[in-house]
Amino acid sequence: AQSVSQHNHHVILSEAASLELGCNYSYGGTVNLFWYVQYPGQHLQLLLKYFSGDPLVKGIKGFEAEFIKSKFSFNLRKPSVQWSDTAEYFCAVKTGGGADGLTFGKGTHLIIQP
Amino acid sequence: GAGVSQSPSNKVTEKGKDVELRCDPISGHTALYWYRQSLGQGLEFLIYFQGNSAPDKSGLPSDRFSAERTGGSVSTLTIQRTQQEDSAVYLCASSLTRDTGSLNEQFFGPGTRLTVL
């Protein structure tokens, strides 16, 4: 079965700092990759997704992620974070066959200090 | 509707009671998914429906959990004889299809927070 690892459970940054959240998955076949965000008191929202093509994908609010197949990674980046980016971030994988739900990482709680 | 809706938003119940959680997917979405979000386990996939059928129920935590979907739309997740470890946020999501590709993007509802006393 596939699994998703997010390396950082808690990250604290100051505004304007650069962000990179790690995500690795274990599955050798075709994957769809996602980053979801959950702002305090709100439901899960899609930040960005990768299905095929250009491995560098851009999402909402200035976020981007790069799919590196050889490293089984899909790290999330943002060059300059804002206080409003404080949230829980989840990496998720959907595989081409078998169980059709998303497999999520444990999440990274990001706190941006003003 | 505009998005996935779930009811109730909060449910407090006593241990041993049965509860029923409801999900109303985005109109036209054929695939529907249930997840559970808890402190210790993170986000776990429970079950999905393609139309009214659920081909794989192995993600359900125990035989106290069941789910159904009627008319290819609304789904209910039922937990019988609730236990304290069932306390969690139960999330529902829907997508246009269950296949790979951009059409399978899942849209999540706000969740039902279940507390078992």
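This one's a predicted model, so the numbers in the text were calculated from it and none came from an experiment.

Another point: the overall build of chain B. Along the backbone of chain B there are 0 helices and 10 strands. The helix and strand sequence of chain B, counted from the amino end, reads β-β-β-β-β-β-β-β-β-β. Scaling as 2.2 N^0.38, a compact globule of 117 residues should have a C-alpha radius of gyration of about 13 Å, and chain B matches this with 13 Å. Seen along its three principal axes, the alpha-carbon backbone of chain B occupies a region of about 40 × 30 × 30 Å. In chain B, buried positions account for 47% of the 117 residues. A separation threshold of at least 6 residues defines the contact pool for chain B, and within that pool the share at least 24 residues apart is 57%. Surface accessibility of chain B: about 5,500 Å² in total, with carbon and sulfur atoms responsible for 46%. Here chain B holds 11 positive side-chain charges and 12 negative ones, and the gap between their average locations is 4 Å.

This paragraph deals with the pattern of salt bridges. All names here are of chain A. Applying the stated criterion to the full structure yields 8 salt bridges over all chains. A salt bridge links Glu-66 to Arg-77, with the shortest nitrogen-to-oxygen separation between them at 3.4 Å. Of this pair, Glu-66 sits in strand 8 (residues 64-68) while Arg-77 sits in strand 9 (residues 73-78); the two residues are 11 residues apart in sequence, bridging distant segments of the chain. Its relative accessible area of 29% is what places Glu-66 among the partly exposed residues. For Arg-77, a relative accessible area of 23% translates into the label partly exposed. A network of salt bridges, in which partner residues are shared, links Lys-58, Glu-64, Glu-66 and Arg-77.

Moving on: the interface of chain A and chain B. Between chain A and chain B, the residue contacts involve 19 residues of the former and 21 residues of the latter. Summed over both partners, the interface of chain A with chain B comes to about 1,700 Å²; 57% of that surface belongs to carbon and sulfur atoms. Viewed at the interface, chain B and chain A are joined by 1 salt bridge. Across the salt bridge formed by A:Lys49 and B:Glu105, the nearest N and O atoms sit 2.5 Å from each other. For the pair chain A and chain B, the number of links is 4 residue pairs in polar contact (both at pLDDT 80 or more). Among the elements of the structure, strand 5 (31-38), strand 6 (45-50) and strand 10 (87-95) of chain A are those that each provide at least two residues to the side of chain A that touches chain B. Here the residues of the side of chain A that touches chain B sort into 9 nonpolar, 6 polar and 4 charged.

For the rest of this paragraph, the subject is the state of the cysteines. For the structure on display, the rule yields 2 disulfides over all chains. The partner cysteine of A:Cys23 in its disulfide is A:Cys91, sulfur to sulfur 1.9 Å. Taking the sign of the S-S torsion, -65° for the link of A:Cys23 and A:Cys91, the bridge is left-handed. A residue pair is termed long-range when its members are at least 10 positions apart, and A:Cys23 in the loop between strand 3 (19-21) and strand 4 (24-26) and A:Cys91 in strand 10 qualify at 68 residues. The pair A:Cys23 / A:Cys91 is uniform in exposure class, with both members buried. In this model, B:Cys23 is linked to B:Cys92 through a disulfide, with the two sulfur atoms separated by 1.8 Å. As the torsion about the S-S bond is roughly -65°, the B:Cys23-B:Cys92 disulfide counts as left-handed. One end of the pair, B:Cys23, is in strand 3 (residues 19-24); the other, B:Cys92, is in strand 8 (residues 88-95), with 69 residues separating them in the sequence. Here B:Cys23 and B:Cys92 have matching classes, each one buried.

Within this structure, the stated rule accounts for 16 aromatic pairs over all chains. Taking the centre distance of 5.2 Å and the plane angle of 80° together, the rings of A:Tyr36 and B:Phe108 count as edge-to-face. One end of the pair, A:Tyr36, is in strand 5; the other, B:Phe108, is in strand 9 (residues 107-108), on a second chain. Residues A:Tyr36 and B:Phe108 agree in their burial class; the two are buried. Ring pairs connect the aromatic residues A:Phe34, A:Tyr36, A:Phe51, A:Phe90, A:Phe104, B:Tyr33, B:Tyr35, B:Phe45, B:Tyr48 and B:Phe108, which therefore count as one cluster.

Ranked by size, the top nonpolar core spans 28 residues in total, and within it A:Leu33, A:Trp35, A:Leu47, A:Leu48, A:Phe74, A:Leu76 and A:Tyr89 carry the most contacts. Those elements giving two or more residues to this core turn out to be strand 2 (10-14), strand 3, strand 5, strand 6, strand 8, strand 9, strand 10 and strand 12 (108-113) of chain A. Setting aside its immediate chain neighbours within four residues, A:Leu48 contacts A:Leu33, A:Phe34, A:Trp35, A:Val57, A:Lys58, A:Gly59, A:Phe63, A:Glu64, A:Ala65, A:Phe74 and A:Leu76. Grouped together as the second largest cluster of nonpolar side chains are 21 residues, B:Ile26, B:Leu46, B:Ala54 and B:Ile79 included.

Attention now goes to the confidence of the model for chain B. Low-confidence regions, as indicated by low pLDDT, have predicted coordinates that should not be scrutinised in detail. In the predicted model, chain B carries a mean pLDDT of 90, and 94% of its residues have values of at least 70. When pLDDT is averaged over each element of chain B, strand 3 of chain B comes out on top at 98 and strand 5 (residues 42-50) of chain B at the bottom at 90.

Procedures and definitions
- Residues numbered from 1 in each chain as written.
- Chains lettered and ligands numbered in written order.
- Predicted model: local features only at pLDDT ≥ 70, side-chain atom pairs only at ≥ 80, totals over all residues.
- Heavy atoms only, no water.
- Helix = DSSP H or I, 4+ residues; strand = E, 2+ residues; numbered from the N terminus.
- Rg over C-alpha atoms; globule rule 2.2 N^0.38 Å.
- Buried < 20%, exposed > 50% of the residue type's maximum accessible area, 1.4 Å probe, protein only.
- Contact = heavy atoms within 4.5 Å.
- Areas by Shrake-Rupley, 256 points an atom, 1.4 Å probe, with all protein chains shown as cover.
- Lys, Arg positive; Asp, Glu negative; His and termini not counted.
- Charge placed at Lys NZ, Arg CZ, Asp CG, Glu CD.
- Salt bridge = Lys/Arg side-chain N within 4 Å of Asp/Glu carboxyl O.
- Buried area = accessible area lost by both parts, 1.4 Å probe.
- Polar contact = N/O pair within 3.5 Å; in protein donor to acceptor, adjacent residues only side chain to side chain.
- Nonpolar A, V, L, I, M, F, W, Y, C, P; charged D, E, K, R; others polar.
- Disulfide = S-S within 2.5 Å.
- Phe/Tyr/Trp six-rings, centres within 6.5 Å; stacked < 30°, edge-to-face > 60°.
- Core = buried A, V, L, I, M, F, W, Y, C linked by side-chain atoms within 4.5 Å.
- pLDDT = per-residue confidence, 0-100.

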